[in-house]
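The lines below spell out each chain.
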Amino acid sequence: MAYDPNNIFAKILRGEIPCNKVYEDEHALAFHDINPQAPVHVLVIPKGEYVSMADFTASAPEELVVGFMRAVGKTAETLGLVEPGYRTLANAGANAHQEVPHLHIHIFGGKPLGPMLDRQFSN
Ligand code: AMP
């Protein structure tokens with residue numbers, strides 16, 4: 001899928017629309033999800049035009065791949081989630097219901113999160 005520079009996260013990165021920022025460095029921006037699905041629900045996005053994890057890891061410079069993953073860890077630490085625990089998730093494509101076509105890692109926390117997915121295939 002080609003990158004759409006008008007997606008909502010691209011607009012946030014360009015400062016065209018606001019976000020509730022948690023963490024930022026040269027490689028990444030982290031902000032609260034507008035429709036939280038846990039007491040803590042934050043999104044971390046790389047500063048670059050990448051649709052998905054496959055696109056990002058195939059095409060981004062190594063420094064950005066490393067910097068982005070470090071930013072995910074730093075964001076979890078900034079949120080105080082390391083000790084109580086948290087979950088990361090990245091949707092990609094139609095089967096995963098990816099809504100925004102700019103790579104983002106969800107960080108969920110703030111309560112016991114229950115099973116990872118629905119259990120119909122895990123018996
Ligand atoms: P996904 O289904 O993985 O693509 O998730 C997209 C996420 O982006 C959803 O959880 C939305 O609530 C969130 N979202 C959409 N627009 C915004 C926005 N302007 N600021 C913060 N989060 C947003």
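Values in this document were obtained by computation on a predicted structure and should not be read as measured data. (Residues numbered from 1 in each chain as written. Predicted model: local features only at pLDDT ≥ 70, side-chain atom pairs only at ≥ 80, totals over all residues. Heavy atoms only, no water.)

Undergrad: What am I meant to see in the overall build of the protein chain here?
TA: Across its full length, the protein chain holds three helices and five strands. Scanning the protein chain from its N terminus toward the C terminus, one meets helices and strands in the order α-β-β-β-α-α-β-β. Scaling as 2.2 N^0.38, a compact globule of 123 residues should have a C-alpha radius of gyration of about 14 Å, and the protein chain matches this with 14 Å. Taking the principal axes of the C-alpha coordinates as reference, the protein chain spans close to 40 × 30 × 30 Å. Within the protein chain, buried positions represent 38% of all 123 residues. Sequence-distant contacts in the protein chain: of pairs separated by 6 or more residues, those separated by 24 or more amount to 56%. Across the protein chain, the 9 positively charged side chains and the 14 negatively charged ones have centroids separated by 5 Å. (Helix = DSSP H or I, 4+ residues; strand = E, 2+ residues; numbered from the N terminus. Rg over C-alpha atoms; globule rule 2.2 N^0.38 Å. Buried < 20%, exposed > 50% of the residue type's maximum accessible area, 1.4 Å probe, protein only. Contact = heavy atoms within 4.5 Å. Lys, Arg positive; Asp, Glu negative; His and termini not counted. Charge placed at Lys NZ, Arg CZ, Asp CG, Glu CD.)

Undergrad: Sorry if this is basic, but what is going on with the side chain of His106 here?
TA: In this structure, His106 sits in strand E5 (residues 105-109). A polar contact of 2.8 Å, which involves the side chain of His106, links it to the side chain of His41. Other than its neighbours up to four places away in sequence, His106 contacts Asp33, His41, Val42, Leu43, Arg87, Thr88, Leu89 and Asn91. (Polar contact = N/O pair within 3.5 Å; in protein donor to acceptor, adjacent residues only side chain to side chain.)

Undergrad: Please clarify how the layout of surface pockets should be interpreted in this entry.
TA: Rolled over the atoms, a probe with the dimensions of a water molecule shows which regions are left empty. Quantified by volume, the largest pocket comes out at close to 600 Å³. What lines the largest pocket is a set of 25 residues, and nearest its centre among them are Phe9, Asp33, Leu43, Glu99 and His106. Broken down by element, the lining of the largest pocket gets its largest block of residues, three residues, from helix H1 (residues 8-13). Residues that form the lining of the largest pocket fall into these classes: 13 nonpolar, ten polar and two charged. (1 Å grid on protein atoms, 1.4 Å probe; cavity = no way out; pocket = protein on both sides within 12 Å on 5 of 7 lines; lining within 4 Å. Points joined across faces, edges and corners; volume = space filled by probe spheres on them. Nonpolar A, V, L, I, M, F, W, Y, C, P; charged D, E, K, R; others polar.)

Undergrad: Help me understand the site of the ligand, please; the structure alone is not making it clear to me.
TA: Lining the immediate surroundings of the ligand are 17 residues, of which Asp33, Asn91, Glu99, His104 and His106 lie closest. Here an oxygen atom of the ligand and a backbone polar atom of His97 are 3.1 Å apart. In this structure, Glu99 approaches the ligand through a main-chain N or O atom, which is 2.6 Å from an oxygen atom. The protein chains hide 88% of the 500 Å² of surface that the ligand would expose on its own. (Near = heavy atom within 4 Å. Areas by Shrake-Rupley, 256 points an atom, 1.4 Å probe, with all protein chains shown as cover.)

Undergrad: Can you help me understand the sheet that holds E5 in this one?
TA: Hydrogen bonds between backbone groups are what pair the strands of a sheet, and the pairing can be parallel or antiparallel. The antiparallel open sheet is built from five strands, whose spatial order is E1-E2-E3-E5-E4. Each edge of the open sheet is held by one strand with a lone partner, namely strand E1 (21-24) and strand E4 (86-89). Put simply, the sheet's adjacent strands are angled 20 degrees from each other on average, direction ignored. (Pairing = 2+ DSSP bridges. Axes fitted to C-alpha atoms, helices over the stretch in contact; angles between N-to-C directions.)

Undergrad: Any chance you could explain the nonpolar core here in plain terms?
TA: Generally speaking, soluble globular proteins have nonpolar side chains that are buried together. Core analysis: the biggest nonpolar cluster contains 18 residues, and Ala30, Val44, Phe56, Phe68 and Val72 have the highest contact counts within it. Sorting the residues of this core by element identifies E1, strand E2 (28-32), strand E3 (40-46), helix H3 (62-78) and E5 as the ones contributing at least two each. At four residues, the largest contribution of residues to this core is made by H3. Excluding its chain neighbours within four sequence positions, the residues that come into contact with Phe68 are His27, Ala28, Val44, Ile45, Pro46, Phe56, Leu103 and Ile105. Phe9, Ile12, Leu29 and Leu43 belong to the second-largest nonpolar core, a separate cluster that totals seven residues. (Core = buried A, V, L, I, M, F, W, Y, C linked by side-chain atoms within 4.5 Å.)

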